[in-house]
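Remarks on the overall topology
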Amino acid sequence: MAEEETPMLDNVPGRNRVSIYQPEQEGLVFPEIPSFATHAEERDYRKKHLVAATRAFGMHGFDYGFAGHLTVRDPEHPELYWTNPMCVHFSQVKMSNLILADHEGRVVEGRYAINRAGFVLHAAVHEEYPEVMAMCHAHTTYGTAWCATGRKLDMISQDAAAFYNDHAVIGASAGAVAVERESGWSVAKEMGRNRGILHQSHGLLTSSRHSIDDAAFWFIALERACQQQLMVEATGIKPQLLSDKTAAYSREHVGSDFIGWLHFQTLYDHIAATQPDMFD
Ligand SMILES: [Zn+2]
């Protein structure tokens, strides 16, 4: 697939066709890019998708005690962001226990405490890059293991190519608990410029200019890419790498922000159907 020609996308108003994956045939079931009449509608959508993203992290075993945080900006007050509550398991996050926080780490809506390390890192990025919509961070097994190498990922697959020229290794503040503001600022610059961050001696981070869906899916993909690279390296066999041309093609067509959002709709629908308490 990576070498096929890109068909022209149509520009029919209302079709909103931005990807070769969107069906040209009318009337088929396929996720629709949402549009909103009010801030309240959009807030409700973002909160539901933040809850589902957090639960997806639970399903993937990304929990480590209270570590890990996901954030998405409020549509009406972009200087505020919604995040998961401190000391609540990813799988038990729901609409009613989300918190809304400002860049000083003050909870302005919700009853639960905020994860201090979360607000330091996320607030620094959200403040430095107003266009960053959402971020994810967790202390995952394979991601943290790969981060110990201090190396970027090799382009061993089409999936890894989602991070082609779009991830960075950060050594600054590595290993120190990121609770001080200076620590957050020192890594914010690289984090906002890249889809994925391998924070040495710490773990993975992703950010998105598109949606929490996009940030969450590519976080899952980044953890998987780290696992697969560790598996390949454990064999001792030198992997065949994608060419730069193929990696760039894959990044554009199967690694776009829309594709991240689209992948996540599969998870959202599954979680919404099987865990209806997410809406409580
Ligand atoms: Zn952390």
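Residues numbered from 1 in each chain as written. Predicted model: local features only at pLDDT ≥ 70, side-chain atom pairs only at ≥ 80, totals over all residues.

Before going further, it helps to spend a moment on the sheet that holds strand S8 (residues 203-208). Pairing in this open sheet of 8 strands is mixed, and the strands run S4-S3-S2-S1-S5-S8-S7-S6 from one edge to the other. Among the strands making up the open sheet, the edge pair consists of strand S4 (107-109) and strand S6 (167-170). The average undirected angle you get between the axes of adjacent strands in this sheet is 25°. Pairing geometry for strand S3 (residues 99-101) and S4, over 2 bridges, is antiparallel. For Leu100, the partnering residue across the bridge sits in S4 and is Glu109. The strands touched by helix H2 (residues 116-128) are strand S1 (69-73), strand S2 (81-83), S3, strand S5 (134-138) and S8; relative to S1, the strand with the most contacts, the crossing angle is about 35°. (Pairing = 2+ DSSP bridges. Helix = DSSP H or I, 4+ residues; strand = E, 2+ residues; numbered from the N terminus. Axes fitted to C-alpha atoms, helices over the stretch in contact; angles between N-to-C directions. Contact = placed C-beta atoms within 7 Å.)

Looking now at the confidence of the model for the chain. When pLDDT is averaged along the chain, the result is 89, and 89% of the positions lie at 70 or above. Every residue in residues 1-14 scores below 50 in pLDDT, and together they form 11 contacts with partners more than four places removed in sequence or on other chains. (pLDDT = per-residue confidence, 0-100.)

Where helix H1 (residues 39-59) contacts helix H5 (residues 212-235), the two axes come as close as 9 Å, and the packing angle between them is 10°. One element, H1, and the other, H5, form an angle in the roughly parallel class. Along its contact with H1, which presents Arg46, His49, Leu50, Ala53 and Ala56, the element H5 presents Ile212, Asp213, Ala216 and Ile220. In terms of residue class, the contact of H1 with H5 is made up of 6 nonpolar, 1 polar and 2 charged. (Parallel < 35°, antiparallel > 145°, perpendicular 65-115°, else oblique. Nonpolar A, V, L, I, M, F, W, Y, C, P; charged D, E, K, R; others polar.)

The next subject is unusual backbone geometry. With a phi close to 50°, Asn165 is a non-glycine residue in the positive phi region. Looking at the element boundaries, Asn165 is found in the loop between helix H3 (141-147) and S6. Positive phi, close to 60°, is recorded for Ser201, a residue that is not glycine. On the secondary structure map, Ser201 appears in the loop between strand S7 (196-199) and S8.

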